[in-house]
Amino acid sequence: MSRNQGVDALRTLAIIAVIAIHTTPFESPASPIGRAFDLATVINQSARFAVPFFYVVSGYYWARKVSEAGQVTRPTLQMVRRIGFLWLVWSAIYLLPFNIVDALQHGALGPLKVVYWHLAQALDKPLIALLEGTRPHLWFLVGLLFSVSLCSLLLHFELRAGLVVLAAVLYAIGLAGTAYSPAPFGFRIDSSFRNGHLFAPAFFVTGYFLQRRNLTAGWLRAGLLLASAGLLLHFLEVRAIHGVWGTPLERDYVAGTYLLGVGVALMALSGARLSGPAAVAAVAVVAEVGPSMLGIYVSHIMFVEMLQPLDRRFTGAPAWEVAYVAVVFLLSWLFTRLLCRHPWTRRLVT
């Protein structure tokens, strides 16, 4: 499998993982995710490789553009304009209600009321709106802007070592303020602040440095070992933190999450080729979705919300728990492909 195909195949798996996080398959109202190591919690925590993987790959390809351009400024401005535009447009789009069934419970003017409430919420907490947009998942775009800006600034002053130190310090602060907040060295970050911004630079910077190395097929095995160790450490950490301080088993990031995300990225970037025509064909099919990842990411919450009335109706049925993830994924992909057909709308999802 080619390097691009490997990345695209894992992008597809990663965006499915993100959708699984937001649709919470197999979660029971009587036992929310994070209360016990049940199937819902295991799926939720196993899916935490996705966003770190996206950041590592983003850093890698940004670094490639920097290398090709021979300068930092132009690729950075291109990325900032593109991601900033997506954040602004989708923050406006998500002022609209997509769960019309629930909106109409507030009367015939219910959808307009929901728009007003969303806007009022954004104006009431402008800093949070700036860091996240009008839906929490849009924090990923802001985290990407923060990471590329930080990286380009320090590289401009040739502070590569400082970049590594700063990314590590931010990651440590994020851990101390979230997963390890009950520890003696911990502290509590405002729960309304999307703390992923503190973790994002570590992954993005790692992608930058990976691009400076000659990645080969041998990195597939290294990535697999690193990802496996990271996943194991992630679960051991959340279990230990839960046992010592009684915190939920659901955690976005712990120390092991770094190894997990980087390991998956190494597997994707290694360029290793699978043996067997069936395996190669399967990867090729999965990889077809990869280029649509960004569009699926920004748009999938629309379909999560649209299907919430059905989710309440069928929750607990095993077939629906799987179908909810699959339908949101397919609708988001088809929606992205539809917008990509016209130049005027392509910018909304690419």
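First things first, this report covers the structure right here in the doc. (Residues numbered from 1 in each chain as written. Predicted model: local features only at pLDDT ≥ 70, side-chain atom pairs only at ≥ 80, totals over all residues. Heavy atoms only, no water.)

1. Looking at the nonpolar core
When a protein is soluble and globular, its nonpolar side chains tend to lie buried together.
Part 1 of the reasoning: Core analysis: the largest hydrophobic core is formed by 94 residues, its most contacted members being F53, W62, W90, F140 and L141.
Part 2 of the reasoning: Top contributing element to this core by residue count: helix α3 (residues 50-69), with twelve residues.
Part 3 of the reasoning: When neighbours within four sequence positions are excluded, W62 is seen to be in contact with V72, P75, T76, M79, V148, C151, S152, L155, F204 and Y208. (Core = buried A, V, L, I, M, F, W, Y, C linked by side-chain atoms within 4.5 Å. Buried < 20%, exposed > 50% of the residue type's maximum accessible area, 1.4 Å probe, protein only. Helix = DSSP H or I, 4+ residues; strand = E, 2+ residues; numbered from the N terminus. Contact = heavy atoms within 4.5 Å.)

2. A few points about the packing of aromatic side chains
Part 1 of the reasoning: Considering all chains together, one arrives at 23 aromatic pairs under this definition.
Part 2 of the reasoning: Summarising the aromatic geometry, the rings of F54 and F140 are spaced 6.1 Å apart at their centres and angled 70° between planes, so their arrangement reads as edge-to-face. Here F54, found in helix α3, pairs with F140, found in helix α8 (residues 139-156); they are 86 residues apart in sequence, far enough to count as distant.
Part 3 of the reasoning: A relative accessible area of 2% places F54 in the buried class.
Part 4 of the reasoning: Given a relative accessible area of 1%, F140 falls into the buried group.
Part 5 of the reasoning: On the basis of an interplanar angle of 80° and a centroid distance of 6.1 Å, the ring pair of Y171 and Y258 is categorised as edge-to-face. In this pair, Y171 is assigned in helix α9 (residues 160-177) and Y258 in helix α12 (residues 255-269), connecting sequence segments 87 residues apart.
Part 6 of the reasoning: Feature note: the residues F53, F54, Y55, W139, F140 and Y297 constitute an aromatic cluster, connected by ring pairs.
Part 7 of the reasoning: Lying across the ring of F85, R347 places its NZ or CZ 3.9 Å from the centre. (Phe/Tyr/Trp six-rings, centres within 6.5 Å; stacked < 30°, edge-to-face > 60°. Lys NZ or Arg CZ within 6 Å of the ring centre and 35° of its normal.)

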